[in-house]
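Summary of the model geometry
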Amino acid sequence: MDLSGSVVAISPHFDDAVFSCGNLLAARPGSTVLTVYSAVPGSATPAPDWDRRCGFERADQAVLARHEENRAAMAVLGARGLGLDLLDDQYGGPRAEAGRLTGALAAALNTLAPDVVLLPLGLFHRDHLRTSDAALTVWRLFRDVMDTAWLAYEEALYRCKPGLVQKRLAELREQRVLATPLSGPAPVDPDRKTRAVAAYASQLQALGLVPGKGDDAAPERYWRLQLAEGEKQ
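This structure is a prediction, so every number in the text was calculated from the model and none was measured.

Comments concerning the sheet that holds strand β1 (residues 7–11)
Strand order in the open sheet made by the seven strands is β3-β2-β1-β4-β5-β7-β6, with mixed pairing throughout. Bordering the open sheet on either side are β3 (80–83) and β6 (177–183), each of which pairs with just one other strand. For this sheet the average axis-to-axis angle between neighbouring strands, irrespective of direction, equals 30°. Docked against the sheet, helix α1 (residues 16–27) engages β1, β2 (32–35), β4 (116–120), β5 (149–153) and β7 (221–227), running at close to 160° with respect to β1. In this fold helix α6 (residues 164–174) packs onto β6 and β7, with an angle of close to 140° to the strand it touches most, β6.

Here's what the structure looks like:
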């Protein structure tokens, strides 16, 4: 895998890119992780079930804690964290802000002008699928004007669910998007990814994840994207 140049990893939630691409990010210090659903809900927003399972009484407390966890993870990997400030699906955000996602992604990537873009394959969870679809739309728009390699990453934990990878690849093929598998880089320092994953402490128990002992420690898998021959923008 060619890792030359600047890297931007699009992460639906704070932990997704680190869980799925942490070894690649560790190998490319100075990379940017662009978290889509990073907005802090209002203090009156009740904590949904997931936040309560993670030990929070209010939604804003949960997201503020995840901002701190993300800063710690970025420091471990030597990466820069940026956010698009959209609301997570569990706070009702996408119903009001879905139209903003593609434009916000396009504007951010146009400004960052990366050499490599990592986007989620879109295996499970509405936020992941919306992020993947929006990123694919931007890719179609930019592919002839940006000299950028676009790679989809298999989301850790979700990729273990039977049939999800195959189902998503079939959906992409119906859209005339071809995906060629690529092996992730060999870990230069596996402990760095483990420590970065461990930074997201508030969600680990609810996820049933012990850093370095679960799917986060399995080889990272990527797919190089291209349009089928004859496909137009």
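Things to note about the packing of aromatic side chains
One pass over the full model with this rule turns up two aromatic pairs. For the ring pair F19 and Y200, a centre distance of 5.9 Å and an interplane angle of 85° mean the geometry is edge-to-face. Linking F19 in helix α1 with Y200 in the loop between α7 (190–198) and α8 (201–207), this pair joins segments that are 181 residues apart in sequence. Assessed through its relative accessible area of 5%, F19 is described here as buried.

Things to note about the packing of helix α3 (residues 59–77) against α7
When two helices pack together, their arrangement is captured by the angle between the axes and the distance separating the axes. Where α3 meets α7, the axes come as close as 8 Å, and the angle between the chain directions of the two elements is 170°. Taken as axis vectors, α3 and α7 run roughly antiparallel relative to one another. On α7, the residues touching A73, V76 and L77 of α3 are R192, K193, R195 and A196. In terms of residue class, the contact of α3 with α7 is built from four nonpolar, no polar and three charged.

Looking at the nonpolar core
Ranked by size, the top nonpolar core spans 36 residues in total, and within it V18, F19, A73, M74, L77, L118 and Y200 carry the most contacts. Counting only elements with at least two residues in this core, the list comes to β1, α1, α3, β4, β5 and α7. When neighbours within four sequence positions are excluded, V18 is seen to be in contact with A73, M74, L77, K193, A196, V197 and Y200. By size, the runner-up hydrophobic cluster in this structure holds 33 residues, among which are L101, L109, L123 and W150.

Comments concerning the pairing of β7
By the bridge criterion, three bridges tie β5 to β7 in an arrangement that is antiparallel. Bridge pairing links A152 to W223 in β7. In terms of strand pairing, β6 meets β7 through seven bridges, oriented antiparallel. By the bridge assignment for β7, V177 is matched with L227.

Cut-offs and rules
Residues numbered from 1 in each chain as written. Predicted model: local features only at pLDDT ≥ 70, side-chain atom pairs only at ≥ 80, totals over all residues. Heavy atoms only, no water. Pairing = 2+ DSSP bridges. Helix = DSSP H or I, 4+ residues; strand = E, 2+ residues; numbered from the N terminus. Axes fitted to C-alpha atoms, helices over the stretch in contact; angles between N-to-C directions. Contact = heavy atoms within 4.5 Å. Phe/Tyr/Trp six-rings, centres within 6.5 Å; stacked < 30°, edge-to-face > 60°. Buried < 20%, exposed > 50% of the residue type's maximum accessible area, 1.4 Å probe, protein only. Parallel < 35°, antiparallel > 145°, perpendicular 65-115°, else oblique. Nonpolar A, V, L, I, M, F, W, Y, C, P; charged D, E, K, R; others polar. Core = buried A, V, L, I, M, F, W, Y, C linked by side-chain atoms within 4.5 Å.

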